[in-house]
Structures are given as C-alpha cells and as structure tokens.
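Letter by letter, the chains look like this.
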Amino acid sequence: MKSNFPMALKRLFQPLIFVMGVTAILSCSKSDDPIVEPEASERPFVDFDIVPGDDPFTFKFENKSENYEQLEWRFGDDSLSAEVSPVHLYMRDGIYDVNLKATAKDGSTARKLIQVNVNADSIFKLSAVKTGVPNQIRFNIDSKANIVSSSWSFGGEGVQTGNGPVITFNEGTLNPFTIKVTTNKGSISEISKLASTEGIVSNITHTVSLQVSKDNSGGQNANEGSLNTIDNNIETKLYLGDWGGSWTMNFTFPVARTIKFYGIGSANDSPDRDPKEWTLKGSNDGQTWTTLDTRSQAKNFYDQAGGKYQQMFYFAVSNPKPYVYYRYEVTSNFGSSALQISEFRLFQ
C-alpha cells in the first residue's frame, strides 16, 4: 500500500530528525564525562625562632615555615632579606618588629611578626663604687659584647672616654649622665642614668602605695591632696591647713627595696610651711622601725635655693638596707600652722 505522506514533507523532516539525533548523542556524551575540579591551593604556613648570636646585637632567625615558594624578611631597621634562615646584625639598641612573609606558588601569602628587644641594660652593665675619697665615684662597664670604645658625658664634668672614669659629685645632688659604647662590629648602644654620691640610683617611687597620717581636707585626690607628692610633678603639692605639729607619710613596696637616696620638693609659696626636722625609717613588718636618716635644717628650702620655689633637695641614707615599709615623719616646720611639700621621691 502506498504511503499517502507526500515525498516533499518526508524530505523536509529528514534533516530535523538527523539534528535531533545528534543532539541527543552529544547530550549523553557530556553527562558521561568526568568533572575535573581545579586543584585546591594550600596557603603557606609561617613560623620562625630567634636565636641569640655571638653578641647582644646579633640574631639568627631560624625559618620553620612550610608550603612556600618565596620568603621576605623585614627586620624593623629598614633592612630586608630573602634568605631561608638569615643572621642579622642590629647597629643600634632598640625595639624592632621582625616580620616574615611567605608566598606560595599561587600567590597566596601568610605573615608572622615578633618583636626583638635589643636592650641597652642587657648589652652592658654599669657599676659605680665609692673610691674612699668623699663624694667620689668610679664607674665601670661589664659587657658580653666586644666594646672597642666608650664615651661618658657627665654634664658639667664634660666628656670622658675609656672605662673607669672617676667623678666627684656635690653632696645632695642628683646628676644625670650618659654612656655611649661602640662594639667591634660597629653597633652602638647608649644609655642614660642618674648618679649621686651614693653611686647610680633609680627613682622607684611610682611602685609604692602611699598612706598619710593626715590628708588635705579634700582627700588624697584633691587639688592639693597627698597623691601630688608622688606624681613626679614638682608644680603640684600637698597642703595641710592645720598639720598639728607631727605628720607621717608611709610607703609600702611590693617587695623589699634598698633606698639609698631620697628627695623632697619645695612648694610654690610660704617657705615657713617647709619641713624643718624629720626622720626616715624602715621596717619589714610595719611594727618595728629602724631609723635610717635624721635631719634638722637651719634654713628653709626657699633660702637654701637662693630665693627659688619648686626645687628638689636630695639626701643620702647613711646605712641603706632592704625594707618593705618606709616612713617619713616630720616633727617641725619653720613656724607656720600649715605644712606643705610638692614631691617625695625614693631612689634605690
């Protein structure tokens, strides 16, 4: 039986059937192919250790990083390195931020930062001892570094070079000085200290807690309260309108400290309110007290300073020993019913 379907229509549909078949084949082919994911990238891991070198300025930075292609070290002193575990020499003492950056093959990065403290006090130790001549002190340096030169500046005494300078100080003075040393590698360290007829001293008043037998009427935090005596500011003061003829300051340290030197600051007016007679005592139990120093002044602070207010006056402790508690006791002033001082400083 002949088909009634026209030959022309058969010819029209044949290409469509062919295209649909090809499309189906291609569709099946795509669904059967495996999916290839891009390879996962592992970020670099950064770590390093710091190993002291053969002098206090030299350090080795031992790399412990992983999965990196490139390293960049920044030592905090404008110097760089791409070495794996570099050795670095610092030319000055100070605190430096050491930053290591690791870069992986795909460009991802990681960093680690550690501070290095090239501390002057760890580079060399200063000592100052009495020579046996009144008020005369000999200074010396002891250092792990190979020091090739040293320069000492004592203010009015000028500059001295070499180890072991001998300086005579005026009694009752606090004298700033600076020592600068240079090592055989060219590194420089500089440190400033305070010296007196008792040797090198440092102000540790900021570490005490303070109690007084009587405070300003406004309390210790008042404009003229007792905390002004330990704020390291000679322009503030403690004022007691009616002090009663006897008054004490009690200082407590966290641990026993040896006080070799102490300072009292005069106020901004009325020198008849200055302390005249006082005693400094020490104790380790707060009950039994040992007298460390006793003073009776012929002149008020204003006259001693040649007509100047707000001046510091310093006094040596004749037999210093370690104590937790210190007591400053005033028993007379220069005639006023009021008492005032601007500062009280303790030096070890």
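Since this is a predicted model, take the numbers as computed values, not measurements.

Conventions and cut-offs
- Residue indices follow the written sequence of each chain, beginning from 1 at its first position.
- The model is predicted, so local features are restricted to residues of pLDDT at least 70 and side-chain atom pairs to those at 80 or more, both for listing and for counting; the totals for chains, interfaces and linings are taken over all residues.
- Computation of side-chain values covers all heavy atoms of the structure but excludes hydrogens and water.
- The quantity known as pLDDT measures the predictor's confidence residue by residue, on a range of 0 to 100.
- Contacts between residues were defined by any pair of non-hydrogen atoms, one from each residue, lying within 4.5 Å.
- Within this document, salt bridges are pairs made up of a side-chain nitrogen of Lys or Arg and a carboxyl oxygen of Asp or Glu, the two lying within 4 Å of each other.
- Numbering of helices and strands runs from the N terminus; a helix is a DSSP stretch of H or I covering at least four residues, while a strand is a stretch of E covering at least two.
- Burial classes follow relative accessibility: with a 1.4 Å probe on protein chains only, a residue under 20% of its type's maximum area counts as buried, one over 50% as exposed, and anything between as partly exposed.
- In this scheme, strands are said to pair when DSSP sees at least two bridges between them.
- Helix axes are fitted only over the stretch in contact, all axes being lines through C-alpha atoms; the angle between N-to-C directions runs from 0 to 180 degrees.
- Two rings belonging to Phe, Tyr or Trp (six-membered ring only in the last case) form a pair when the distance between their centres is within 6.5 Å. Interplanar angles under 30 degrees mark stacking, angles over 60 mark edge-to-face geometry, and anything in between is tilted.
- To define a nonpolar core, start from buried Ala, Val, Leu, Ile, Met, Phe, Trp, Tyr and Cys residues and group those joined through side-chain atoms within 4.5 Å.
- Pairs of N or O atoms within 3.5 Å make up the polar contacts considered here, provided that, within protein, one atom can donate a hydrogen while the other can accept it, and that residues adjacent in sequence are counted only when both atoms are side-chain atoms.

Undergrad: An account of the confidence of the model for the protein chain is requested, with residue identities and associated values reported.
TA: In the predicted model, the protein chain carries a mean pLDDT of 89, and 88% of its residues have values of at least 70. Long-range and interchain partners of residues 1–40, a stretch whose pLDDT sits below 50, account for three contacts in this model, where long-range means more than four residues apart.

Undergrad: Explain the pattern of salt bridges to me, using residue names and the numbers behind them.
TA: The full count for this structure, using the stated rule, is 13 salt bridges. Lys185 serves as the salt-bridge partner of Asp54, at 2.6 Å between the closest nitrogen and oxygen. With Asp54 in the loop between strand 1 (48–52) and strand 2 (58–63) and Lys185 in the loop between strand 13 (175–183) and strand 14 (188–196), this residue pair connects regions lying 131 residues apart in the sequence. Judged by its relative accessible area of 63%, Asp54 is exposed. In this structure, Lys193 and Asp121 form a salt bridge, with 3.4 Å as the shortest nitrogen-oxygen distance. Here Lys193 is found in strand 14, whereas its partner Asp121 is found in helix 2 (residues 120–123), with 72 residues between them in sequence. For Lys193, a relative accessible area of 27% gives the class partly exposed. Several salt bridges converge on common partners, so that one network encompasses Asp47, Asp49, Lys64 and Lys112.

Undergrad: Now, about the sheet that holds strand 5 (residues 87–89): what can you tell me, with residues and values included?
TA: Pairing within the open sheet is antiparallel, and its three strands lie in the order 1-2-5. Two strands close off the open sheet at either side, each with one partner strand: strand 1 and strand 5. The average angle at which neighbouring strand axes cross in this sheet is 25°, direction not considered. Note: strand 1 against strand 2, five bridges, orientation antiparallel.

Undergrad: How would you sum up the sheet that holds strand 18 (residues 247–258)? Please name residues and give values.
TA: Here we have five strands laid out as an open sheet, ordered 16-18-23-20-21, and antiparallel in their pairing. Edge positions in the open sheet fall to strand 16 (209–212) and strand 21 (290–296), since each of these has one partner strand only. On average, each strand axis in the sheet is tilted by 15° relative to the strand beside it, whichever way the strands run.

Undergrad: Help me get a handle on the packing of aromatic side chains, residues and values and all.
TA: Aromatic ring pairs are described here by two measures, namely the spacing of the ring centres and the angle between the planes. For the coordinates displayed, the defined rule picks out 28 aromatic pairs. Consider the rings of Phe154 and Phe177, whose centres lie 5.3 Å apart with planes at 25°: the pair is stacked. You can see Phe154 sitting in the loop between strand 10 (147–153) and strand 11 (159–161) and its partner Phe177 sitting in strand 13, a full 23 residues away along the chain. Centroid distance Trp278 to Phe301: 6.4 Å. Interplanar angle 50°. Geometry classified as tilted. Taken as a pair, Trp278 in strand 20 (residues 275–283) and Phe301 in helix 3 (residues 301–304) lie far apart in primary sequence, 23 residues in all. This pair shows no difference in class: Trp278 is buried, exactly as Phe301 is. Connected via pairs of aromatic rings, a cluster forms that spans Phe251, Tyr262, Trp278, Phe301, Phe313, Phe315, Tyr328 and Phe344.

Undergrad: Describe in detail the nonpolar core, supporting the description with residues and values.
TA: Residues Phe61, Tyr90 and Phe139 are the most contacted members of the largest nonpolar core, which totals 32 residues. Broken down by element, the residue count for this core peaks at four residues, all from strand 6 (residues 94–103). The next biggest cluster of nonpolar side chains, apart from the first, holds 29 residues, and it includes Ile204, Trp243, Trp247 and Val317.

Undergrad: Please set out the environment of Asn284 residue by residue, giving values where relevant.
TA: Secondary-structure assignment places Asn284 in the loop between strand 20 and strand 21. Taking relative accessible area as the criterion, Asn284 reaches 45% and is therefore assigned partly exposed. As a C-alpha pair, Asn284 and Tyr323 span 39 residues in sequence and 5.3 Å in three-dimensional space. The residues contacting Asn284, other than those within four sequence positions of it, are Ala256, Pro322, Tyr323, Val324 and Tyr325. A distance of 3.0 Å separates the side chain of Asn284 from the backbone nitrogen of Val324, its partner in a polar contact.

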